Amino acid sequence: MSLQIEKTDILIIGTGLAAVATALHVPSSLSVLLVSKGEATSTNSDLAQGGIASSYLEETSEAHKEDTMLASNQTSCSERVDILVEEGRRAIEEMERFGVRFDRDEDGYALGREGAHRLHRIFHAGGDETGRHVMRHLRQSLPDNVNILEHVLVHDLVMKEGRVVGAMAFQKEKWLHIEAGAVVLATGGIGGLVDWTSNAQTVTGDGLVLANRCGAKLTNLQRIQFHPTLLATEEPHLVTEALRGAGAKLVDPYGNDVMAHHPLGSLAPRDVVARVLTDRVGPIFLDTIGVTRLRERFPKLASTCDKLGIDLRQIPVRPGLHFHMGGIEVDDAGRTDVDGLYAVGEVAEAGVHGTNRLASNSLLECWVFGKRVAEAIQVKGRGFATSDVMAYDISPDTFRALRHQIGKWLTISPNHDEIKCFLQNTQTLTMTKHVTRQLSEQTLQLDAARLIAQSILEMERYDEHDLSTRTATTVSD
Ligand code: SIN
């Protein structure tokens with residue numbers, strides 16, 4: 001095997017906001033290499049619509065904390081949420097120093113509101129194209145010590161004397177060995193494991209598998225969030241919750257408000273709304289009659305609907321896989337329990353989201369904890385080591401069939417028999433030492449799905465998923 005070798009102080013796997021926030025804040029004396037599986041812009045952060053929640057303009061961060069805790073049904077870690085909301089108060093001005101410009105109107109910042117937020121505190125840019133705007137400015141601000149390499153699939157992390165010292169990867173089809181003094185996993189969530197998702201298709205839980213292989217602890221992998229409103233068309237597209245914050249209502253074909261029973265109506269916590277919509281028979285629409293200046297405020301949605309011939313006044317929606325709350329267990333500065341390995345953003349379980357993330361807290365998490373990782377990271381000596389991880393020896397057809405199976409159980413109501421069937425089918429696969437990029441990629445996806453499947457089955461108290469126990473009375477405004 002001919003090896004190309006890259007050397008860097010810090011290897012960051014991912015190019016979304018968690019990766020970029022980390023890279024922007026490490027000392028300029030350290031070299032940083034960011035790698036993306038596809039194009040650098042093919043991330044969930046780039047797709048983000050609603051925005052970034054911050055109590056920047058509030059007197060304290062207390063109300064933001066309360067909403068975060070309430071949305072998660074009090075399952076988030078109080079101390080970590082304190083960090084998120086308190087340090088998050090500075091996020092908006094910090095990003096603006098890097099050239100991001102959040103939307104304003106005649107009264108100042110034009111703040112949005114989303115599910116389970118009692119206040120308008122969501123900063124957005126370019127209307128519903130927040131991710132694209134924020135990421136463009138922040139990537140442009142990356143200093144000279146930071147490089148980005150695209151189309152790099154990390155096959156495995158490599159370890160020496162109990163420490164992560166780099167990665168074996170494919171750059172396009174060729175092997176690439178990356179020696180690093182520290183590795184940060186910022187690979188995002190798991191949505192790309194299924195077709196019906198708001199996520200970029202490249203986001204398939206790779207970081208979970210890489211961390212697991214080198215012994216890092218994973219936690220709460222069964223905690224998966226479904227977004228209530230993806231466009232109910234052939235291709236899934238997110239319809240931002242901010243549209244409901246601006247006055248849109250979820251209605252049945254007769255115009256009845258399907259969330260009328262809840263004190264927060266269509267702005268109830270995301271898990272509650274997604275569950276109600278999933279349990280209903282028949283189509284659901286977003287009635288946008290009450291939304292003023294819709295085209296101006298939601299340009300991305302307007303152009304998508306125009307292209308698809310959808311009437312903007314009555315948008316058909318259905319829930320889809322959106323966010324992974326579980327992940328690699330980290331401390332308050334992204335350290336995993338493996339020397340030299342850090343994790344940040346959606347792939348990490350920093351304790352801030354519990355069983356249900358509050359809307360627009362995810363980009364905030366990336367920023368706050370990315371900075372913390374950058375401040376805490378310890379770069380030690382690099383070393384050469386290789387990986388002997390093999391790949392499943394499967395044909396594209398077998399892989400497609402297994403992915404289809406994943407789509408059947410990775411739903412808001414996972415079926416245990418389907419999960420067991422998937423686990424049995426993958427358990428009997430044979431392995432090959434002749435690893436190609438395609439086999440590596442398929443293996444990462446199947447192993448990520450296996451980890452999640454096992455976690456769902458192992459969960460002692462399965463009722464965490466049974467959100468029917470969470471009634472309107474647990475939510476107050
Ligand atoms: C949305 O815009 O509805 C998604 C925002 C989020 O996931 O926080």
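Residues numbered from 1 in each chain as written. Predicted model: local features only at pLDDT ≥ 70, side-chain atom pairs only at ≥ 80, totals over all residues. Heavy atoms only, no water.

Caption draft 1: Seen up close, the site of the ligand. Near the ligand, the surroundings consist of Gln-49, Gly-50, Glu-114, His-227, Leu-238, Thr-240, Glu-241, Arg-270, His-322, Arg-357, Ala-359 and Ser-360. A distance of 2.6 Å is found between an oxygen atom of the ligand and a side-chain nitrogen or oxygen belonging to His-322. Contact with the protein chains covers 94% of the free accessible surface of the ligand, which is 260 Å². Of the residues that constitute the shell around the ligand, the class distribution is two nonpolar, six polar and four charged. (Near = heavy atom within 4 Å. Polar contact = N/O pair within 3.5 Å; in protein donor to acceptor, adjacent residues only side chain to side chain. Areas by Shrake-Rupley, 256 points an atom, 1.4 Å probe, with all protein chains shown as cover. Nonpolar A, V, L, I, M, F, W, Y, C, P; charged D, E, K, R; others polar.)

Caption draft 2: Spotlight on the pattern of salt bridges. For the structure shown, the criterion picks out 29 salt bridges. Glu-66 is the salt-bridge partner of Arg-118, the closest N and O atoms lying 2.9 Å from each other. Of this pair, Arg-118 sits in the loop between β5 (108-109) and β6 (122-123) while Glu-66 sits in helix α3 (residues 62-71), and the two are 52 residues apart along the sequence. Residue Glu-66 is classed as partly exposed on the basis of its relative accessible area, which comes to 39%. A salt bridge links Arg-213 to Asp-156; the shortest N-O distance between them is 3.7 Å. Within this pair, whereas Arg-213 is found in helix α7 (residues 206-213), its partner Asp-156 is found in strand β8 (residues 152-160), the two being separated by 57 residues in sequence. (Salt bridge = Lys/Arg side-chain N within 4 Å of Asp/Glu carboxyl O. Helix = DSSP H or I, 4+ residues; strand = E, 2+ residues; numbered from the N terminus. Buried < 20%, exposed > 50% of the residue type's maximum accessible area, 1.4 Å probe, protein only.)

Caption draft 3: Summary view of the packing of helix α1 (residues 17-25) against helix α12 (residues 362-376). Their axes nearest at 7 Å, the elements α1 and α12 cross at an angle of 35°. The chirality of how α1 crosses α12 is right-handed. From α1, Leu-17, Ala-18, Ala-21, Thr-22, Leu-24 and His-25 reach across to α12, where they touch Leu-363, Cys-366, Trp-367, Gly-370, Lys-371, Val-373 and Ala-374. Grouping the amino acids of the contact of α1 with α12 by side-chain chemistry returns nine nonpolar, three polar and one charged. (Axes fitted to C-alpha atoms, helices over the stretch in contact; angles between N-to-C directions. Left-handed = near helix turned anticlockwise from the far one by under 90°. Contact = heavy atoms within 4.5 Å.)

Caption draft 4: How the structure looks around the side chain of Arg-80. Secondary-structure assignment places Arg-80 in helix α4 (residues 78-88). Of the side chains with opposite charge, Asp-332 lies nearest to the buried Arg-80, which makes no salt bridge, at 5.2 Å. Side-chain polar atoms of Arg-80 contact the backbone oxygen of Ala-350, separated by 2.8 Å. Discounting residues that sit within four places of it in the chain, Arg-80 has contacts with Val-330, Asp-331, Asp-332, Ala-350, Gly-351, Val-352 and Phe-369. (Lys, Arg positive; Asp, Glu negative; His and termini not counted.)

Caption draft 5: Molecular detail of the sheet that holds strand β13 (residues 249-251). Read across the sheet, four strands follow the order β12-β15-β14-β13 without closing on themselves; strand pairing throughout is antiparallel. Unpaired on one side and paired on the other, β12 (224-231) and β13 mark the two borders of the sheet. Strand after strand, the sheet turns through a mean of 45° between neighbouring axes, direction not considered. With four bridges connecting them, strand β14 (residues 284-287) and strand β15 (residues 314-324) associate as antiparallel partners. (Pairing = 2+ DSSP bridges.)

Caption draft 6: Here's a closer look at helix α13 (residues 396-409). Along its 14 residues, α13 runs 20 Å from first to last C-alpha, staying within 8% of the 20 Å computed at 1.5 Å per residue. For α13, the full list of buried residues reads Phe-399, Leu-402, Arg-403, Gln-405, Ile-406 and Trp-409. Taken down its axis, α13 places every buried residue within 155° of arc, on the same side. In this structure, α13 carries Asp-397, Arg-400 and His-404 as exposed residues pointing more than 90 degrees from its buried face. Packed against the buried residues of α13 are α14 (416-427) and α15 (437-458). (Expected span 1.5 Å × (residues − 1). Arc of directions from axis to C-beta.)

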